[in-house]
Amino acid sequence: MKASANGTLSLGSGSFPGFGENAPLDLPNLTDAGAAALVRRFRDRTMTAFTDSAASVHYCTKPIQLAGSSQTVDAMTGEVLSSYSSTSAPLGVTFVPCGNRRASACPSCSRTYARDTFELLRAGAVGGKTVPASVADNPMLFVTLTAPSFGHVHRTAKPGRPVTRCRPRDKAQVCQHGRPAGCMTTHGEGDPLAGQPICHECYDYEGHVVWQWWAPELWRRFTIDLRRRIARALGVKESRLKDHATIQYAKVAEPQTRGAMHFHGLVRLDGPTTKDGFSASPQFLPVTLLASLIEDAAAGAHYDAPPAQSGSQPRLLRFGRQLDVRVVRAAHRPDDDTSALASEHVERVAGYLAKYATKAVSDTTGEGRSNAHYVRIREICRGLSMDAERRAAAHREAGDFAYEDPYALIGKWAHMLGFRGHFSTKSRRYSVTLGRLRRARRRWQAITAEAARTGQPVDTADLERRLMDDDEEETTLVIGSWSYVGTGWENTGDAALADAAAARAREYAQWKAEQKHHQNH
């Protein structure tokens, strides 16, 4: 992003329409106060300082402001190689990205998170990032596990399917509360009624919240049962399964419009456990049999949830009946002609999952906070938490200080509609970790900064190994002292400009991806 002498704001350069050197940024939501703030930037000649600061955090929506200093010291000699102070920063403070995963909170940081998630998923499918390419020879399946029904809700047409009425029923049919049992409306995308119960009183809100709370446990039991079924199919003891086959997976949790979580995962079948964790899959376990075992494990997974309220009954929790298991690829050898096609398909699936890893509950509807359905779910979460606290207090009064109520913390997860699990998880040996990818990024930034300081070009030979090698001995130490100053940009004008630049950067990246796709096809 640049500010020219005539006051034109532009981003980058290029030869495609709308992204040229002098292409203006789109600022549709700029207020009068924001415009006045930008004018002041030009008048006091701080616009360049702001654009440099914004570019350093990749146009983060709400960057963290820090004040302090640091020194880079040679770990062997103790020599101070370089020093840095926030007072030398363009705006007098150091900005760092907020790192928020949610696209609705910070599109820029969520895009970085999505890229890291994509690389994690892709590496576990085709290799790279310390994962050997041999994993591409092992069978892989795309699995979707859904939540059960807690009551009828208004529906929209699914992408690629004919538009139909919501829930056609005879108008004379009513529920026990006297409301119509169906809906003859055709709901379009973005309709605020989508996901809302047809009758709020018929909807099992407590069951919805209890299922959300224990959904991570249900997934855990599904993976345990799957391993047991694979051991039986191979004719070996479960305790010896690792000597014959292992299941590796990566999954993301996607909030549906009705506020219930679905799990999407890539499941890979490996052979026996080795030092690096990657070996050829057993040839005597067909991928079609593995798909059948996954379906059976998903159907059989269950959990007896304890009562959520005083006087209520335990609930038997299961996954929903809508189960989707697709074979991404069967086992193949490197000389198989379908390898490239399979790899490309895996990358599309990885991109699909990475997109949902940045999706928040509020993203499922334009009225995430005012949505009556979501408000009711949050109220149930807080109510169950208060009831749990009353039970705990009663136990303490009786002298039982060891009692821990399983729903004591559910109120703290009301903003997530009762879901307490991570949005993206993986088995230990599926792929590289997000932390390792982030360390590699910081190492790359350090390498390029050192190259800029010394004037020496970056040696690209064996660069990826250096970036990903956690065992590589660090030759420098960074010692610093920092304090928190604030969050966000100084004024609404700066914030609007950073958001516009981030949007343009995303458009440019999408354009480059499309061009690359066209060149390859």
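Owing to the predicted nature of the structure, the values given are computational and were not obtained by experimental measurement.

### Considering the overall build of the protein chain
Scanning the protein chain from N- to C-terminus turns up 10 helices and 13 strands. Of all 521 residues assigned to the protein chain, the portion counted as buried reaches 42%. Approximately 27,900 Å² of the protein chain is accessible, and the part contributed by carbon and sulfur atoms is 51%.

### As for the nonpolar core
Formed by 58 residues in total, the largest nonpolar core has its most connected members in Phe222, Ile230, Ile294 and Tyr407. Mapped onto this core, the elements with two or more residues apiece are strand S6 (140–145), helix H4 (205–234), strand S7 (246–255), strand S8 (261–270), helix H5 (287–300), strand S9 (302–305) and helix H7 (372–397). In terms of residues, this core owes the most to one element, H4, which gives 14 residues. Setting aside its immediate chain neighbours within four residues, Ile230 contacts Leu241, Ile247, Leu285, Leu290 and Leu293. Val328, Leu437, Leu467 and Met468 belong to the second largest nonpolar core, which has 25 residues in total.

### A closer look at the pattern of salt bridges
For the structure shown, the criterion picks out 18 salt bridges. Where Glu206 meets Arg315, a salt bridge forms, and the shortest distance between an N and an O atom there is 3.9 Å. With a gap of 109 residues between them, Glu206 in helix H4 and Arg315 in strand S10 (residues 315–318) connect regions that are remote in the sequence. Glu238 is paired through a salt bridge with Arg228; the nearest N and O atoms lie 3.4 Å apart. Residue Glu238 is found in the loop between H4 and S7, and its partner Arg228 is found in helix H4; the two are separated by 10 residues along the sequence. Judged by relative accessible area, Glu238 falls into the partly exposed class, the value being 42%. Among the charged side chains, a network of salt bridges with common partners joins Asp387, Arg390, Arg391 and Asp405.

### Observations regarding a positive patch on the surface
A cluster of basic residues, Arg155, Lys158, Arg161 and Arg169, forms a positive patch at the surface. Within the secondary structure, Lys158 sits in the loop between S6 and H4.

### Some thoughts on the side chain of Asn491
Mapped onto the fold, Asn491 is located in the loop between strand S13 (476–487) and helix H10 (492–520). For Asn491, a relative accessible area of 18% gives the class buried. The residues touching Asn491, leaving out its near neighbours within four places in the chain, are Ala37 and Arg41.

### A few points about the packing of H4 against H5
The contact between H4 and H5 brings their axes to 9 Å, and the two run at 135°. Taken together, the axis directions place H4 and H5 in an arrangement best described as oblique. The hand of the H4/H5 crossing is right-handed. For the pair H4 and H5, contact is made by Phe222, Asp225, Leu226, Arg229, Ile230 and Ala233 and by Leu289, Leu290, Leu293, Ile294, Asp296, Ala297 and Ala298, respectively. Taken together, the residues of the contact of H4 with H5 sort by class into 10 nonpolar, no polar and three charged.

What counts as what
Residues numbered from 1 in each chain as written. Predicted model: local features only at pLDDT ≥ 70, side-chain atom pairs only at ≥ 80, totals over all residues. Heavy atoms only, no water. Helix = DSSP H or I, 4+ residues; strand = E, 2+ residues; numbered from the N terminus. Buried < 20%, exposed > 50% of the residue type's maximum accessible area, 1.4 Å probe, protein only. Areas by Shrake-Rupley, 256 points an atom, 1.4 Å probe, with all protein chains shown as cover. Core = buried A, V, L, I, M, F, W, Y, C linked by side-chain atoms within 4.5 Å. Contact = heavy atoms within 4.5 Å. Salt bridge = Lys/Arg side-chain N within 4 Å of Asp/Glu carboxyl O. Patch = residues over 30% accessible without salt bridge, like charges linked within 9 Å, V, L, I, M, F, W, Y side chains within 5 Å. Lys, Arg positive; Asp, Glu negative; His and termini not counted. Charge placed at Lys NZ, Arg CZ, Asp CG, Glu CD. Axes fitted to C-alpha atoms, helices over the stretch in contact; angles between N-to-C directions. Parallel < 35°, antiparallel > 145°, perpendicular 65-115°, else oblique. Left-handed = near helix turned anticlockwise from the far one by under 90°. Nonpolar A, V, L, I, M, F, W, Y, C, P; charged D, E, K, R; others polar.

In short, the description is geometric, and any link to function would need to be established separately.
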